[in-house]
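A structural walkthrough
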Amino acid sequence: MADELDDIVLSELDDDELTLQMHDDLYDGLKEEIVEAVNILLERKWQPYDVLTKALVEGMRIVGIDFRDGILFVPEVLLAANAMKAGMAILKPLLIESGAPRVGTMVIGTVKGDIHDIGKNLVSMMMEGAGFEVINLGINNSVENYLEAIATEKPDILGMSALLTTTMPYMKVVIDALKAKGIRDDYIVMVGGAPLNEEFARAIGADAYCRDAAVAVETATEFMNRKHNLLAAGG
Amino acid sequence: MRAELPEAELARLVEHAVGGETLVAVVTLPAARRGDGVPAWLPTGELLEPVGPLTHADATAAFEEQIAALIEGGADVIWAETMSSVEEFGAVAAAAANQSAPFCATLSFDTAGRTMMGVTSEAYAALAAALPNPPLAIGANCGTGASDLLRTVLGITGATPEAVVIAKANAGIPKFVDGRIHYDGTPELMADYARLARDAGARLIGGCCGSETAHIRAMRTALEDHTPGPRPGLDEIRARCGDFTSASDGTGDTSGAESRRSRRGRRRV
């Protein structure tokens, strides 16, 4: 058993081993180790985009699967997301500098009258973990807040959260406002929150209901792939 | 000048309504103190340390303020529900102890049989029993339907048979009909759930989201006419109240789940 506790020196691992170790360290929420490993890969002349996708995004994908399957719970996912964020902080300016492709952009917020924050923040963090740019509007958002953020940020995806049966109908108010402005189809609208379900999402005209943060990432990625394919096909 | 606290007001109104004869329990949802030092009477969405910014001391202080106001208003019992973390429950228990207030506490087991923070029914029962001031009653509320909640009750009564156990299930799941939210659980289903909850060992049985007067009436009638039966098995629960939302309740051996991922060894253990 002593072998398992031997210190691993990150800088002595080859690229493949280090990448796998980073997946494990993300899983365990080891922030300092992630920061160290990101710097090592950059010193080894890895492209920032490769560090992001092969090490961080892939690691968070594994965290997402085990969260979805009820093996990891919110505390572990928060620790993993914090470790990922620390790595992202190093990569972000380099990614912008190198003009790396962006996965997509999402505006997300809890609807008016509802002050529940945790689930939405978890979705934000997991989306960032998957390489998305996320603009988190916080809680208690009016139609005007959403419309303003959409106009400014020009996101691919609009995410709305509600934890109360009394506030979830407000999602329809927002979607109806998008329709009235003729911009509904410019965005992928994803909704989530404890009392919601598939049927509700359909009834209010959303594109997808996301049961949890992991499903949100899967759904968003799928939609973005489809969008990119359409753009490629259409020229 | 101190403004009238809503909890005290509520407790007084309830006590007035029942003529001071019935036990008054006022439900208080998880509360937290905002960063600016203003007591907040609604959940702020803050997570407690170590995963969030809210300290045990601040959470306890916020709960204490509510409890003091409720007791002042005439509440006999403090009732905290829809909690998800051990830390949050710990703050409620500490606040109740500081105020010498009897309390009941239920968690919401809505994620693969556990709470969203990963707490199992067994772990919760053991934790509550080990307190210097154990709750009068423990149990589950809200969550993901009657079947899952009954499975949680079996977990709690199995772990601590001597505990007084609370069961408060939602009346089905919410559906959006003609612009309004409507829960699809029928009074008949809730009546059968109440019988099963009793047989599972629950002694305080009620409904949560979507439970209207018709549901509560059906449950009461069912319990009054009920001849207690043996502890129901999972198959019986499934047959009478519908399928579970997850294969297991998250208790017991999780090594199978762990083995999905081979460890590479940890640094700085």
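Residues numbered from 1 in each chain as written. Chains lettered and ligands numbered in written order. Predicted model: local features only at pLDDT ≥ 70, side-chain atom pairs only at ≥ 80, totals over all residues. Heavy atoms only, no water.

**Re unusual backbone geometry**
The phi torsion of most residues other than glycine is negative, and most of the peptide bonds are trans. Residue and element names in this part refer to chain B. Here the bond from Glu49 into Pro50 is cis, since omega is 5°, no more than 30 degrees from zero. Structurally, Pro50 can be placed in the loop between strand E1 (25-28) and helix H2 (56-72). Here Ser100, not a glycine, exhibits a phi torsion of approximately 50°, which is positive. With respect to the secondary-structure elements, Ser100 resides in the loop between helix H3 (86-98) and strand E3 (103-107). Not every positive phi belongs to a glycine, and Cys142 is a case in point at roughly 60°. (Helix = DSSP H or I, 4+ residues; strand = E, 2+ residues; numbered from the N terminus.)

**Points about the packing of helix H7 (residues 143-153) of chain A against helix H8 (residues 170-180) of chain A**
All names here are of chain A. Orientation of H7 relative to H8, taken along the N-to-C sense of each, is 45°, at an axis distance of 10 Å. On the basis of the axis angle, H7 is oblique to H8. For H7 against H8, the interelement crossing comes out right-handed. Between H7 and H8, the contacting residues are Val143, Tyr146, Leu147 and Ile150 on the first element and Tyr170, Val173, Val174, Ala177 and Leu178 on the second. Taken together, the residues that form the contact of H7 with H8 break down as nine nonpolar, no polar and no charged. (Axes fitted to C-alpha atoms, helices over the stretch in contact; angles between N-to-C directions. Parallel < 35°, antiparallel > 145°, perpendicular 65-115°, else oblique. Left-handed = near helix turned anticlockwise from the far one by under 90°. Contact = heavy atoms within 4.5 Å. Nonpolar A, V, L, I, M, F, W, Y, C, P; charged D, E, K, R; others polar.)

**As for the sheet that holds strand E4 (residues 188-192) of chain A**
All names here are of chain A. Across the sheet, five strands lie side by side as E2-E1-E3-E4-E5; this open sheet has parallel pairing. On the outer flanks of this sheet lie strand E2 (133-136) and strand E5 (208-209), each paired with one strand and no other. Here four bridges tie strand E1 (residues 105-110) to E2, and the two strands are oriented parallel to one another. Bridge assignment links Val107 to a residue of E2, and that residue is Ile135. Those strands touched by helix H10 (residues 213-234) are strand E3 (157-161), E4 and E5, and its axis lies near 170° from that of E4. (Pairing = 2+ DSSP bridges.)

**Remarks on the environment of B:Ala159**
All names here are of chain B. Here Ala159 lies in helix H5 (residues 146-159). Look at Ala159 and you get partly exposed, because its relative accessible area is 37%. Once the C-alpha coordinates of Ala159 and Glu7 are considered, the two residues, 152 residues apart in sequence, prove to be 34 Å apart. Not counting the four nearest positions on each side in its chain, Ala159 is found in contact with Glu122 and Ala125. (Buried < 20%, exposed > 50% of the residue type's maximum accessible area, 1.4 Å probe, protein only.)

**Re the nonpolar core**
Membership of the largest hydrophobic core comes to 61 residues, with the highest contact counts inside it found for A:Met22, A:Leu56, A:Met127 and A:Ile157. At ten residues, the largest contribution of residues to this core is made by helix H5 (residues 74-97) of chain A. (Core = buried A, V, L, I, M, F, W, Y, C linked by side-chain atoms within 4.5 Å.)

**Let's talk about the pattern of salt bridges**
Following the criterion strictly, the structure yields 21 salt bridges over all chains and no others. Here B:Lys175 makes a salt bridge to A:Glu199, at a shortest N to O gap of 3.5 Å. Residue B:Lys175 is located in strand E6 (residues 174-177), and its partner A:Glu199 is located in helix H9 (residues 198-204); the two belong to separate chains. Judged by relative accessible area, which is 22%, B:Lys175 ranks as partly exposed. Among the residues examined, A:Glu199 registers a relative accessible area of 37% and is labelled partly exposed. Note that B:Glu224 and B:Arg220 form a salt bridge whose closest N and O atoms lie 2.8 Å from each other. Separated by four residues within a single helix, B:Glu224 and B:Arg220 lie in helix H7 (residues 213-224), roughly one turn from each other. In this structure, a network of salt bridges that share partners links the residues B:Asp192, B:Arg195, B:Glu236 and B:Arg240. (Salt bridge = Lys/Arg side-chain N within 4 Å of Asp/Glu carboxyl O.)

**Structural notes on the packing of aromatic side chains**
All names here are of chain B. Under the defined criterion, the tally for this structure stands at two aromatic pairs over all chains. The interplanar angle of 85° and the centroid separation of 5.1 Å between the aromatic rings of Phe89 and Tyr124 together place this pair among those described as edge-to-face. Note that Phe89 is positioned in helix H3 and Tyr124 in helix H4 (residues 121-129), a separation of 35 residues in sequence. Of the residues examined, Phe89 reaches a relative accessible area of 2% and is grouped as buried. Overall, the relative accessible area of 1% leaves Tyr124 in the buried class. When the ring of Phe109 is compared with that of Tyr124, the centres are 6.5 Å apart and the planes differ by 55°; the resulting orientation is tilted. Remark: Tyr124 occurs in helix H4 and Phe109 occurs in the loop between E3 and H4; sequence separation between them is 15 residues. Across the pair, Tyr124 and Phe109 agree in class, each one buried. (Phe/Tyr/Trp six-rings, centres within 6.5 Å; stacked < 30°, edge-to-face > 60°.)

**Concerning the domain arrangement of chain B**
Residues and elements named next belong to chain B. When cut into domains, chain B gives domain 1 (1-76 + 84-96) and domain 2 (102-108 + 130-248). Taken together, the five residues of domain 1 in the interface contact six residues of domain 2. Around 580 Å² of area is buried between domain 1 and domain 2 when both sides are counted, 76% of it from carbon and sulfur atoms. Taken as a group, Phe89, Ala93 and Ala96 account for 60% of the area that domain 1 buries against domain 2, more than any other trio of residues on that side. On the surface where domain 1 and domain 2 come into contact, there are zero salt bridges. Scanning the region where domain 1 abuts domain 2 turns up one residue pair in polar contact (both at pLDDT 80 or more). Of the residues belonging to the side of domain 1 that touches domain 2, the class tally is four nonpolar, no polar and one charged. (Domains from an automatic or database assignment. Buried area = accessible area lost by both parts, 1.4 Å probe. Polar contact = N/O pair within 3.5 Å; in protein donor to acceptor, adjacent residues only side chain to side chain.)

**What about the pairing of strand E2 (residues 77-83) of chain B?**
Residues and elements named next belong to chain B. By the criterion of burial, E2 is predominantly enclosed, with six of the seven residues buried. By the bridge criterion, four bridges tie E2 to E3 in an arrangement that is parallel. Across the sheet, Ile78 pairs through a bridge with Phe103, a residue of E3. Taking the sense of rotation as the criterion, the β-α-β connection linking E2, H3 and E3 turns out right-handed. (Right-handed = clockwise from strand over helix to strand, strands pointing away.)

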